[in-house]
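Chain residues, written in single-letter form:
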Amino acid sequence: MASHTNHSSPVELSSLTSASSTGNDVDDHPKVATGMDNHNNNHDGDVSKEVVHTQQDEEECVLSQGIMCICCSCDEQRKELVKKRSQKMMLAKKRKVAANEMMSGTVVSATSKSDNGKTEGDDFGLDYVMVNSDNGGKKRQRPAAAAAYSLQSSASQQYCQAITSTSQSSDHEQSIKLNKMTTACRTILECIGEDPNREGLLKTPERWAKALLFMTRGYSLSPEKVLNNAIFTEDSHKEIVVVKNIDIHSMCEHHMVPFTGQIHVGYIPNGKIIGLSKIARIAEVYSRRLQVQERLTRQIVDAIVEHVEPLGVGVVVECSHFCMVMRGVQKVGAKTVTSCVRGCFESNMKTRAEFFNIINGGMSR
């Protein structure tokens, strides 16, 4: 098969070079292809165009003349510069983040710089640190700031844990609770047909959440906390001590509506007496929860028995339950009375009768 070969003359190549230097369009001159063999006679024209294009890319770089060049060589250099700039910005960002972490105390001395443990900077002026490898040798590692940042989850965690005070932890937990309850209250308002975004209800979810946490604060209390060692030795008194008409406010666990009333507490000391206000505080611990009145009465008795160890103790609780006042049978005047006795109050009828006579003399009817 015969091959077609075209040869460009020195004059024609000279014309192409002259056209590129003067800024004229190369297409104004005859397109000339360099010599090459073509085994497919039907594509001679396409091969000639490709050869011309390649020749132009290789020969027509005008960067040295101060003109923006788009040849292959200049384009590759441009991409390399962009890549290096991106790397520099990324490393600078990591270095800044690590510096901020170290300033805030999250990372403490992740690396130690020494004369033989540091290699002066790279292309971007960052200090490198040398760290021990698994085989006992040393190797060039990441920049110092990046190394400090990455070591936060390894060495620094073993020796330097963040210390959070109890109050800060409690405040954080309280904030989480309020957010959850506020969201739930908004949902409830929508379900009952209200608009939580209207003026009167804008802050209602938050108010309701805080109020409910207050009314159930007994979950965060205990008799040990409220007593505060206010139990004293006293052998001279062996008669009944009664504290009556202590107001209480609790929440019915069945409907989460209030029940309110009064409690009456009596006990006979056995060498120890309790601060009178602490009796009311013990009642507060157990009433500020979701409750039933029967359990509330028993819990107050058990707490006094455990901490005071009296000869006997009795508790009477009288309450009005809004779950049967505001809803259901709606009996406004109905009251519920429960009692619980221990020790001599339980075994001695006269002692028990004396206790009930004392509290009934001033009990509301």
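Below, the structure is looked at part by part. These figures come from a predicted structure and were not determined experimentally.

1. Points about the sheet that holds strand S6 (residues 258-268)
So, step 1. Strand order across the open sheet formed by 5 strands is S8-S5-S6-S9-S10, with mixed pairing between neighbours. What marks the edges here is a single partner per strand, and that holds for strand S8 (290-291) and strand S10 (336-343).
So, step 2. Where S6 and strand S9 (residues 312-321) come together, 10 bridges link them in antiparallel fashion. Residue His 264 lies in a different strand from S9, and its bridge partner there is Val 316.

2. Section: the nonpolar core
So, step 1. Core analysis: the biggest nonpolar cluster contains 29 residues, and Ile 263, Ile 282 and Ile 300 have the highest contact counts within it.
So, step 2. Of all the elements in the fold, those that place two or more residues in this core are helix H8 (223-227), strand S5 (241-252), S6, helix H9 (276-287), helix H10 (293-308) and S9.
So, step 3. Setting aside residues up to four positions removed in sequence, Ile 300 forms contacts with Ile 263, Ile 282, Ala 283, Tyr 286 and Val 315.
So, step 4. Among the nonpolar cores identified, the runner-up in size contains 8 residues, and Ile 268, Val 316, Val 341 and Phe 355 belong to it.

3. Some points on a nonpolar patch on the surface
So, step 1. A surface patch of nonpolar side chains, about 310 Å² in accessible area, is lined by Ile 188, Ile 192 and Trp 208.
So, step 2. The topology assignment puts Ile 192 in the loop between helix H6 (166-191) and helix H7 (204-215).
So, step 3. Judged by its relative accessible area of 62%, Ile 192 is exposed.

4. Looking at the packing of aromatic side chains
So, step 1. All told, the structure shown has 2 aromatic pairs when counted by the stated rule.
So, step 2. Centre to centre, the rings of Phe 345 and Phe 355 are 5.4 Å apart; their planes meet at 80 degrees, and the pair counts as edge-to-face. Taken as a pair, Phe 345 in helix H11 (residues 344-347) and Phe 355 in helix H12 (residues 349-360) lie far apart in primary sequence, 10 residues in all.
So, step 3. Overall, Phe 345 belongs to the buried group, its relative accessible area being 0%.
So, step 4. Look at Phe 355 and you get buried, because its relative accessible area is 0%.
So, step 5. Following the ring pairs from residue to residue traces out a cluster consisting of Phe 345, Phe 355 and Phe 356.
So, step 6. Of note, Arg 217 hangs over the ring of Phe 214, and the distance from its end group to the ring centre comes to 4.1 Å.

5. Topic: unusual backbone geometry
So, step 1. Even without glycine at this site, Asn 228 takes up a positive phi of about 50 degrees.
So, step 2. Here Asn 228 lies in the loop between H8 and strand S4 (231-234).
So, step 3. The phi torsion at Glu 309 lies on the positive side, around 55 degrees, for a residue other than glycine.
So, step 4. Note on placement: Glu 309 falls in the loop between H10 and S9.

6. Overview of the side chain of Gln 293
So, step 1. Position of Gln 293 relative to the elements: it lies in helix H10.
So, step 2. Its relative accessible area of 1% is what places Gln 293 among the buried residues.
So, step 3. A polar contact is formed between the side chain of Gln 293 and the backbone oxygen of Val 317, at a distance of 3.0 Å.
So, step 4. Polar contacts involving the side chain of Gln 293 include one to the side chain of His 321, which spans 2.8 Å.
So, step 5. When near neighbours in sequence (up to four residues on either side) are disregarded, Gln 293 contacts Phe 259, Val 317, Glu 318, Cys 319, His 321, Thr 336, Val 337 and Thr 338.

7. Some details on H9
So, step 1. With 12 residues, H9 should reach 16 Å at 1.5 Å per residue; the first-to-last C-alpha distance of 18 Å fits that figure.
So, step 2. Within H9, burial applies to Lys 278, Ile 279, Ile 282, Ala 283, Val 285, Tyr 286 and Ser 287.
So, step 3. Lining the buried residues of H9 we find H8, S5, S6, strand S7 (271-274), S8 and H10.

Cut-off values and rules
Residues numbered from 1 in each chain as written. Predicted model: local features only at pLDDT ≥ 70, side-chain atom pairs only at ≥ 80, totals over all residues. Heavy atoms only, no water. Pairing = 2+ DSSP bridges. Helix = DSSP H or I, 4+ residues; strand = E, 2+ residues; numbered from the N terminus. Core = buried A, V, L, I, M, F, W, Y, C linked by side-chain atoms within 4.5 Å. Buried < 20%, exposed > 50% of the residue type's maximum accessible area, 1.4 Å probe, protein only. Contact = heavy atoms within 4.5 Å. Patch = residues over 30% accessible without salt bridge, like charges linked within 9 Å, V, L, I, M, F, W, Y side chains within 5 Å. Areas by Shrake-Rupley, 256 points an atom, 1.4 Å probe, with all protein chains shown as cover. Salt bridge = Lys/Arg side-chain N within 4 Å of Asp/Glu carboxyl O. Phe/Tyr/Trp six-rings, centres within 6.5 Å; stacked < 30°, edge-to-face > 60°. Lys NZ or Arg CZ within 6 Å of the ring centre and 35° of its normal. Polar contact = N/O pair within 3.5 Å; in protein donor to acceptor, adjacent residues only side chain to side chain. Expected span 1.5 Å × (residues − 1).

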